[in-house]
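# Fold and geometry: a report
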Amino acid sequence: MAPRPGSGVTLDAFTDRYAQRTHGMTASEIRALFAVASRPEVVSLAGGMPNLSALPLDAVGKLMGELVQTRGAQALQYGSGQGDPHLRELICEVMALEGIAGSSEDVVVTVGSQQALDLVTRVFIDPGDVVLAEAPSYVGALGTFASFQAEVVHVEMDSAGLVPEALRAAMARVAAAGKRAKFLYTVPNFHNPAGVSLVESRRDEVLALCQEAGLLVLEDNPYGLLGFDAPPTRAIRARSTGAHGHNDDVLYLGSFSKTFAPGLRVGWVLAPHAVREKLVLAAEAAVLCPPTFNQMAVADYLSTQDWQGQVSAFRAMYRERRDAMLEALGSLMPPGTTWTHPAGGFYVWVTLPDGLDAKVLLPRAITARVAFVPGSAFFADGSGRSHLRLSYCYPEPERIREGVRRLATVLEEEVELRATFGSTGPLRAGRPQSEFPSPDLA
Ligand code: PMP
């Protein structure tokens, strides 16, 4: 349809023809941010892009070249819908590092763990079904749940991860409302966006609660090997062995995006045996098979390179950046600001001084050349406005310090304004909020 004259807005002529499920499909706040945050003058503490500067690109290029030369006819051909059998074997070795004894028969290779989220939701969720999910939750998972018209019920976390009591209470509320919860979505290690991990002592309790209630656990674990201080914690999946050695309680999601390369888009699900076939059928309907070349490249990387040494190098790099961010926050943030202390992964979750709203602050921060993700992106109901997510994975330590310095100045100004004029609400110095540059345009 032609643009409305002078509006610069193209009306969507398809509105009355879209499927119901598209109503939940709205652009995430992170997506709008990427356009702005990628400008060189902005210090982006927003996106969670892994930093690939430490990857041995020569070695990766060589193994990919050899793959085409020696096994090109296979690598460039369609493959199995479930994924390359050799890679599935190697994936089991990766999972063993977190105590998981899974069979390669029960692994389904996916196009990143994002597709695994899609497949699991597709297979289990009818419109209106409840998904229990941590408060806050990974924005990409919330997008998937919304696109299948799930109702997300958030469950509180604290510095030790998901709170079992809160889970029990949420389950009771869902049952009292006569609704059906299908699974608990949890990121137990180095949570995106909260930066906390589910402590060992709570893992069995969370699993037992879900088992009692007949709820599956969807354990999403892309950051598990990126712990700075200690070896990986035993996965929830590793704790659950059913009657005949089968595990029917946990669907475990893994990914090579953070330990190798996100551009290859290789992730996986380890599913209960019965669920595996449904996931494969759903995957075949979506993509026929995951990319053969990429899977074989990952398999070659795992079997010919010191990939665990490489993960150690990533850990050291991220740890240095985490330290830079925590030091800068500690010395620069105004009183009343608090934040989590991640022991791994990419993210710090910040709680603002009383009354400050991260969404209102964002355009001001971008004007001050620093970007973050407002907390509301990580709540299905748009709450969480007094929080924001900072990521330290990508920028150099010096840029991280500079970014935090810029953010601290914005927060200080806001705190001062509130002290002088009371609640600044949506207005500031008489200027309506809508006139502040939108994240897309600033
Ligand atoms: N789960 C979580 C918690 C994530 O943070 C991400 C990526 N940021 C994903 C899943 C998806 O990762 P990928 O599809 O690249 O494996």
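Note that the coordinates shown come from a computational prediction; the quantities given were computed from them, not determined experimentally.

This part takes up the overall build of the chain. Counting secondary structure elements, the chain contains 12 helices and 14 strands. Taking 2.2 N^0.38 as the reference for a compact globule, 442 residues should give roughly 22 Å; the C-alpha atoms of the chain span a radius of gyration of 22 Å, in line with that estimate. Summarising its shape, the C-alpha atoms of the chain cover approximately 65 × 55 × 55 Å along the three principal directions. For the chain, the proportion of its 442 residues judged to be buried stands at 53%.

Attention now moves to the domain arrangement of the chain. Along its sequence, the chain is organised into domain 1 (24–54 + 310–435) and domain 2 (77–304). The centre of domain 1, based on its C-alpha atoms, is set 27 Å off from the matching centre of domain 2. With 29 residues of domain 1 at the interface, the matching set in domain 2 holds 28 residues. Its largest share of buried area at the contact with domain 2, domain 1 owes to R315, Y347 and F378, together 21% of the area lost on that side.

On to the side chain of N221, then. If you trace the backbone, N221 turns up in the loop between strand 7 (216–220) and strand 8 (250–255). Polar contacts involving the side chain of N221 include one to the side chain of E98, which spans 2.5 Å.

Another aspect to go through is the side chain of D300. Mapped onto the elements of the fold, D300 is located in helix 9 (residues 292–304). The residues touching D300, leaving out its near neighbours within four places in the chain, are L63, L67, R71 and Q305.

To continue, consider the sheet that holds strand 10 (residues 338–339). The pairing of strands in a sheet happens through backbone hydrogen bonds and is either parallel or antiparallel. Spatial strand order, 10-11-14-13: 4 strands in an open sheet with antiparallel pairing. At either end of the open sheet lies a strand with only one pairing partner, and these are strand 10 and strand 13 (373–374). Of the pairings in the sheet, the one linking strand 10 to strand 11 (residues 347–351) comprises 2 bridges and is antiparallel in character. The residue of strand 11 that forms the bridge with W339 is V350.

Running from N to C, helix 4 (residues 112–124) and helix 5 (residues 139–147) point in directions that differ by 30 degrees, and their axes come no closer than 10 Å. In terms of their interaxial angle, helix 4 and helix 5 are classed as roughly parallel. Note on packing geometry: the crossing formed by helix 4 with helix 5 is right-handed. Contact residues: Q114, L117, D118 and T121 in helix 4; G140, A141, T144 and F145 in helix 5.

This part is about the site of the ligand. As a matter of local geometry, the ligand sits amid 13 residues, with S113, D220, Y223, S255 and S257 nearest to it. For the ligand, an oxygen atom lies 2.8 Å from a polar atom in the side chain of R265. In isolation the ligand has 400 Å² of accessible area, and contact with the protein removes 92% of it. Its residues assigned to classes, the shell around the ligand comprises 4 nonpolar, 6 polar and 3 charged.

Take the packing of aromatic side chains next. For the structure on display, the rule yields 12 aromatic pairs. Judged by centre distance (6.5 Å) and plane angle (45 degrees), the rings of F14 and Y18 are tilted. For Y18, a relative accessible area of 42% translates into the label partly exposed. Between F314 and Y318 the ring centres are 6.2 Å apart and the planes differ by 15 degrees, which places this aromatic pair in the stacked class. A residue pair is termed a helical-turn pair when its members lie 3 or 4 positions apart in one helix, as F314 and Y318 do in helix 10 (residues 307–332) at 4 residues. Ring-pair connections join several aromatic residues into one group, and the members of that group are Y223, F314, Y318, F346 and Y347.

As a further point, take empty space enclosed by the protein. This model, assessed by the stated rule, comprises 1 cavity of 30 Å³ or more. One number sums up the size of the largest cavity: a volume of about 150 Å³. Around the largest cavity sit 17 residues that line it, and V94, L225, S255, T259 and W268 are the ones nearest its centre. Elements supplying a minimum of two residues to the lining of the largest cavity: helix 3 (85–96) and strand 8. Top element by residues in the lining of the largest cavity is strand 8. It accounts for 3 residues. Here the lining of the largest cavity is built from residues that sort into 11 nonpolar, 5 polar and 1 charged.

Parameters at a glance
Residues numbered from 1 in each chain as written. Predicted model: local features only at pLDDT ≥ 70, side-chain atom pairs only at ≥ 80, totals over all residues. Heavy atoms only, no water. Helix = DSSP H or I, 4+ residues; strand = E, 2+ residues; numbered from the N terminus. Rg over C-alpha atoms; globule rule 2.2 N^0.38 Å. Buried < 20%, exposed > 50% of the residue type's maximum accessible area, 1.4 Å probe, protein only. Domains from an automatic or database assignment. Contact = heavy atoms within 4.5 Å. Buried area = accessible area lost by both parts, 1.4 Å probe. Polar contact = N/O pair within 3.5 Å; in protein donor to acceptor, adjacent residues only side chain to side chain. Pairing = 2+ DSSP bridges. Axes fitted to C-alpha atoms, helices over the stretch in contact; angles between N-to-C directions. Parallel < 35°, antiparallel > 145°, perpendicular 65-115°, else oblique. Left-handed = near helix turned anticlockwise from the far one by under 90°. Near = heavy atom within 4 Å. Areas by Shrake-Rupley, 256 points an atom, 1.4 Å probe, with all protein chains shown as cover. Nonpolar A, V, L, I, M, F, W, Y, C, P; charged D, E, K, R; others polar. Phe/Tyr/Trp six-rings, centres within 6.5 Å; stacked < 30°, edge-to-face > 60°. 1 Å grid on protein atoms, 1.4 Å probe; cavity = no way out; pocket = protein on both sides within 12 Å on 5 of 7 lines; lining within 4 Å. Points joined across faces, edges and corners; volume = space filled by probe spheres on them.

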